[in-house]
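Working through the structure, step by step
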Amino acid sequence: MPDPTPPRFTPHLLVPWTATTLVPRKQTARGGGSDLVDRSSDRQGHVTRLLDGLRRAQQEAVEDRRDIAEERRPSGFAVHVEAAGDHGLNLEALDSSGLTLLSAHPASPGHPQDAVVWIPDGRVQTFADKISQFTQDTPAGHPKQAATVANIEGIQRVLLEHLWQEETPLPELHMPRWWELWFDPSIAEEDQIQALHRAAEDRGWQLAPRSITIGDYHVAQVEAPGDQLRLLLTTNCPAEIRRPSFTEEIHTTQRALQMPLVTDLAARLEQAPPGSPTVCILDTGIRQEHLLLKDALAGRAQSAFSTEGPDDRHGHGTEMAGLALYGDLDAALATNEPVQLTHGIETVKLLPAKSLGNPRTYGEVTADAIAVAETGAVEQPRARVFSMAVTKQSVRPENGTDGTATLWSATIDALAAGTSVTVHNDMIELHGVPDPAAARLIVVSVGNIRDRLPHEMRAADGSPAHLDLCDTSRIEDPAQAWNILAVGAYTDLTDVPAGPGFTGYRALAAAGELSPFSRTSVSMADATPIKPDIVLEGGNLLVDGANTQWHHHDIMGLTTTGIHIDRPLTTANATSAATAQAARLAAMAHAAYPALGPEAIRALLVHEARWTAPMLQGVYTRTGKPKMGPGDFARKVLRRYGWGVPTEERVLSSATNAVTLMIQGSLTPYRRYPGGVRLGELKLHELPWPREQLDDLGGTDVELRVTLSYFVEPNPGRRGVRGQHTYPSHRLRFAMKGSLESQAAFERRIAETAEAEDDGITRVKKFEADDAWVVGPTNRNRGSLHSDVWRGDATELAGSGMLAVYPAGGWWKDHNRVDRVDRPVTYALLVSLTTPDINTDLYTPTAVKLDVPIPAGLAARVETTQGVPIQLSLG
């Protein structure tokens, strides 16, 4: 019986309870080797296990074919063959004697080598006989077929993930998306493309208009949910599945042919309803009449300059608008289906097209631009996300900022906190205390590496070393601001253009690595906030085989809207493109969760980010043990990649075994007592732990992810960083109760820690359970956005179930101002509980405790997937 269709949307859970006061993978050679597993102690048992797997796969294939018309039944089936540990498979043997090797994956950390093999029905016994011979000896006394059989650990029926060829994980399967299917015509008697057309017609899938024959393969693109695509494993099994790339095709299209693509998409757009969230782009303006932008813009194009209108002469603002509205346009252009938008766009020109004659600071213009957006709109959106992919270039390109607040960064921090701001010359005036109801989410790029690329991005031996350059290129002003969401860039774009002009070229950055354009805070002082917070796709560079020629190519960028009438599509890249995409995710989150404030949306994007496998190379041993301490981890991972890559699926939806709880709270950090101003209060959050399920998982490792987000009122003076001159108005921290710690002992410990941590410096011994945190309190407590992951035994976590949020020092306390003491502040606390290696239903019992309706179909899906191992981890 097939699995029921999973729900399209499993919402994160808003907790209503009131609180109580990364080396390129080595390719394994095709063929076996002399390093064979010693099976001498149980050769018969090994053979029995392999034969059982083979026969079970055959039985499943026969059963799946019963309902298929006889003339369409395949004459074979595919199996997944996995190697043992660090040993290699004899791939030649798996591609002979009637078998066809469809694909093979080399071994990688934590994953042995594996292969997908097509077995014709008439060759099953031949393969089984070869396996059986392993129990017999050669005249020399060695096991027969040892080179083929000894290193095989298991055989099973092929699954969709076994066919996936990308280095990035298999995407979420319940959402429709484009897939690229590679068929091997040698394994089928009928035309596989025609068979795919029939399946698409039966299921309502969309096919790209043309398939391609390349080498020995037929390649086609199809848009379908991955769960439905599994049907092809029974009827028309592809050899490989990849992520399609349409960018090069679009940008090599003649100008006259671009407009039909744009016109077709414009006709399929379904605009967001009135009052929906918007992304306000602070940039070079916008081309207001663009077919893909004008309806979503709805006349909300303005300028911060009285001498210039909002029109975009540069193009950058229009490019950002397309990405903020659609993300990469490739998918929307390739489909024929309606495209539903969840949010609109606004724009305020922040960069003039010509000199103004009189100087205006960036801080002033930014404050003015935000005021223009908020006062100029006839109808205010329910929520607004500001996107600013503009940074200040340093005199020396590598310098960037040292993390010290500037007028610009402090202005942005004040605006984000909800403070009214007046800026003139080198002074910033804050009018009144921050108003949480007026808080703003501002998304800012960390800045790009520009002129240094051609001549400095090489190691001593002449080979590219872009990560070294990224690590020494500090983020640019105002990305050091505490209250923003700072965005860097990574890349998955590694395709090389076809054509003789690019023979020998390759992508500079590997898939899943930092983009060559992105700056970091690796070379900044430990006390500075960790930036970026997240990274998103920012494109790549091409380099020739001699490492002397560098090339920016459209195929290495993201498709978006352009300013030229006869060429309405263009590409964008670097941290600007990443920032616009982050703003889009934030607006979509606002649309999905209208009760969340800006602090919570910022927390959600960070909380649901994950590091790719290349980002974690060298961080963990094969058994999952850390190779470096929290300090090195913060510098080598966090300050380069932030918390990784958020995806639309994770930001908008939980999973059964990875449930996210969202809490919005407030506390009063400082109160006035007879003896003076002291810390005010802490909050204890009892969490709706699925205690029974965690107890049942005793001995199993689980992951707890916690993110705390709040906005501070800035004190941007350069007179010091201690006492009344410290930068933030207040600091907040989180801590978890120990499994054997009583609530009273927990409260005492947190109170002592809060009093001892003044000016952000901890003067008490760390709690013994702190070692289970990946980043640790010392390193995560930078800035006003704190996130960490606890890893440990499920039983230990079951005995915790309580988190505290408490204040530490800030200038509100030391200034002793009447209008700042006894004033509450708001915060967002996000908590996720994950069973990385076991698909245990954590969502349902948690939702029941919160009295939240369970999405239809979820319970059935959980029942059918219990016990099926999956891989969810920090990577």
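Description of the structure in this document. (Residues numbered from 1 in each chain as written. Predicted model: local features only at pLDDT ≥ 70, side-chain atom pairs only at ≥ 80, totals over all residues. Heavy atoms only, no water.)

This part is about the overall build of the chain. Across its full length, the chain carries 27 helices and 38 strands. Counting across all 875 residues of the chain, residues that qualify as buried make up 57%. Carbon and sulfur atoms make up 50% of the accessible area of the chain, which amounts to about 36300 Å² in all. (Helix = DSSP H or I, 4+ residues; strand = E, 2+ residues; numbered from the N terminus. Buried < 20%, exposed > 50% of the residue type's maximum accessible area, 1.4 Å probe, protein only. Areas by Shrake-Rupley, 256 points an atom, 1.4 Å probe, with all protein chains shown as cover.)

Looking now at the packing of helix α1 (residues 43–64) against helix α2 (residues 124–132). In contact at an axis separation of 9 Å, α1 and α2 are set at 170° when each is read in the N-to-C sense. As far as their axial angle goes, α2 and α1 are roughly antiparallel. Along the contact surface, α1 presents V47, L50, L51, L54 and Q58, while α2 presents V124, F127, A128, I131 and S132. Residues that form the contact of α1 with α2 fall into these classes: eight nonpolar, two polar and no charged. (Axes fitted to C-alpha atoms, helices over the stretch in contact; angles between N-to-C directions. Parallel < 35°, antiparallel > 145°, perpendicular 65-115°, else oblique. Contact = heavy atoms within 4.5 Å. Nonpolar A, V, L, I, M, F, W, Y, C, P; charged D, E, K, R; others polar.)

In terms of nonpolar packing, the biggest core is built from 84 residues, with I345, I534, W611 and F633 touching the most fellow members. Here this core takes ten residues from helix α17 (residues 574–592), the largest share from any one element. Here I345 is in contact with T278, V279, I281, I286, L293, A296, L297, R300, A321 and L325, once residues within four sequence places are set aside. Grouped together as the second largest cluster of nonpolar side chains are 54 residues, V659, Y670, V677 and V825 included. (Core = buried A, V, L, I, M, F, W, Y, C linked by side-chain atoms within 4.5 Å.)

Within the secondary structure layout, E319 lies in helix α11 (residues 316–326). It turns out E319 is buried and unbridged, and the closest side chain with the opposite charge, R567, is 10 Å from it. If we skip the residues at most four places from it in the chain, E319 touches T560, T561, T570, T571 and A572. (Lys, Arg positive; Asp, Glu negative; His and termini not counted. Salt bridge = Lys/Arg side-chain N within 4 Å of Asp/Glu carboxyl O.)

Within the secondary structure, Q192 is located in helix α5 (residues 192–203). A polar side-chain atom of Q192 sits 3.1 Å from the main-chain carbonyl oxygen of D184. With residues up to four places along the chain from it excluded, the contact list for Q192 reads F183, D184, P185, I187, H218 and N236. (Polar contact = N/O pair within 3.5 Å; in protein donor to acceptor, adjacent residues only side chain to side chain.)

The sheet built from five strands is open, its strands ordered β1-β30-β38-β34-β36 with mixed pairing. Edge positions in the sheet fall to β1 (13–14) and β36 (785–793), since each of these pairs with one other strand and no more. Sheet topology note: the strand β34 (residues 701–709)/β36 ladder contains nine bridges and is antiparallel. If you follow V702 over to β36, its bridge partner there is G792. Where helix α18 (residues 598–607) meets the sheet, its contacts fall on β30 (658–667), β34, β36 and β38 (825–834), and the angle it forms with β38 comes to roughly 25°. (Pairing = 2+ DSSP bridges.)

A few words on the packing of aromatic side chains. Counting across every chain of the model gives six aromatic pairs. Taking the centre distance of 5.3 Å and the plane angle of 80° together, the rings of W611 and F633 count as edge-to-face. Remark: F633 occurs in helix α19 (residues 630–641) and W611 occurs in the loop between β28 (609–610) and α19; sequence separation between them is 22 residues. Grouping residues by exposure puts W611 and F633 together as buried. Seen in terms of ring centroids, F734 and W773 are 5.8 Å apart; in terms of plane orientation they differ by 65°. Their pairing is edge-to-face. Of this pair, F734 sits in strand β35 (residues 731–736) while W773 sits in the loop between α22 (743–756) and α23 (777–780), and the two are 39 residues apart along the sequence. (Phe/Tyr/Trp six-rings, centres within 6.5 Å; stacked < 30°, edge-to-face > 60°.)

As a further point, take the pairing of β30. On a regular strand, one side chain projects to one face of the sheet and the next to the other, so that they alternate. Taking burial as the measure, the ten residues of β30 include eight buried ones, the bulk of the element. Taken together, the two bridges between β1 and β30 define a ladder with parallel strand orientation. By the bridge assignment for β30, L14 is matched with M662. The pairing of β30 with β38 spans ten bridges and is antiparallel. Looking across to β38, one finds that M662 is bridged to L830.

It is worth spelling out the packing of α17 against α18 at this point. Where α17 contacts α18, the two axes come as close as 10 Å, and the packing angle between them is 120°. For the element pair α17 / α18, the angle class is oblique. Both α17 and α18 take part in a crossing whose hand is right-handed. Mapping the contact onto sequence places A582, L585, A586, A589 and H590 in α17 and P598, I601, L604 and L605 in α18. (Left-handed = near helix turned anticlockwise from the far one by under 90°.)

Turning our eyes to something else, we now look at the pattern of salt bridges. By the definition in use, this model includes 27 salt bridges. With a closest N to O distance of 3.5 Å, E289 and R287 form a salt bridge. For R287, a relative accessible area of 10% translates into the label buried. Salt-bridge contacts for R820 lead to D819; the nearest nitrogen and oxygen are separated by 2.6 Å. A relative accessible area of 3% means that R820 is categorised as buried. The exposure class of D819 is partly exposed, given its relative accessible area of 34%. Among the charged side chains, a salt-bridge network with shared partners connects R671, E681, K683 and D822.

Right, let's get into the sheet that holds strand β21 (residues 506–507). Spatial strand order, β21-β24-β25: three strands in an open sheet with antiparallel pairing. Each edge of the sheet is formed by a strand with only one pairing partner; in this case those strands are β21 and β25 (550–551). Note: β21 against strand β24 (residues 542–543), two bridges, orientation antiparallel. Directly across from A507, in β24, lies its bridge partner L542.

The next subject is the environment of L682. Examined against the element boundaries, L682 turns out to sit in the loop between β32 (676–679) and β33 (683–686). What makes L682 buried here is its relative accessible area of 17%. When the C-alpha atoms of L682 and Y806 are compared, they prove to be 4.3 Å apart, with 124 residues separating the residues in sequence.

Moving on to the environment of V433. Turning to its location among the elements, V433 is positioned in the loop between β18 (427–431) and β19 (441–445). The sequence separation of V433 and T419 amounts to 14 residues, and the corresponding C-alpha distance is 6.2 Å. Apart from residues no more than four positions distant in its own chain, V433 is found in contact with D819, R820 and R823.

In this section: the pairing of β19. By the criterion of burial, β19 is predominantly enclosed, with five of the five residues buried. Covered by surrounding structure in β19 are L441, V443 and S445 together with I442 and V444, the residues of both alternating faces. Note that strand β16 (residues 384–388) and β19 share four bridges and pair parallel. The residue bridging S387 from the neighbouring strand is V443, located in β19. Bridge analysis of β19 against strand β20 (residues 485–491) gives three bridges, and the strand direction is parallel. Counterpart to V443 in the pairing with β20 is L485.

Don't take any of this as a statement about function, it's just geometry.
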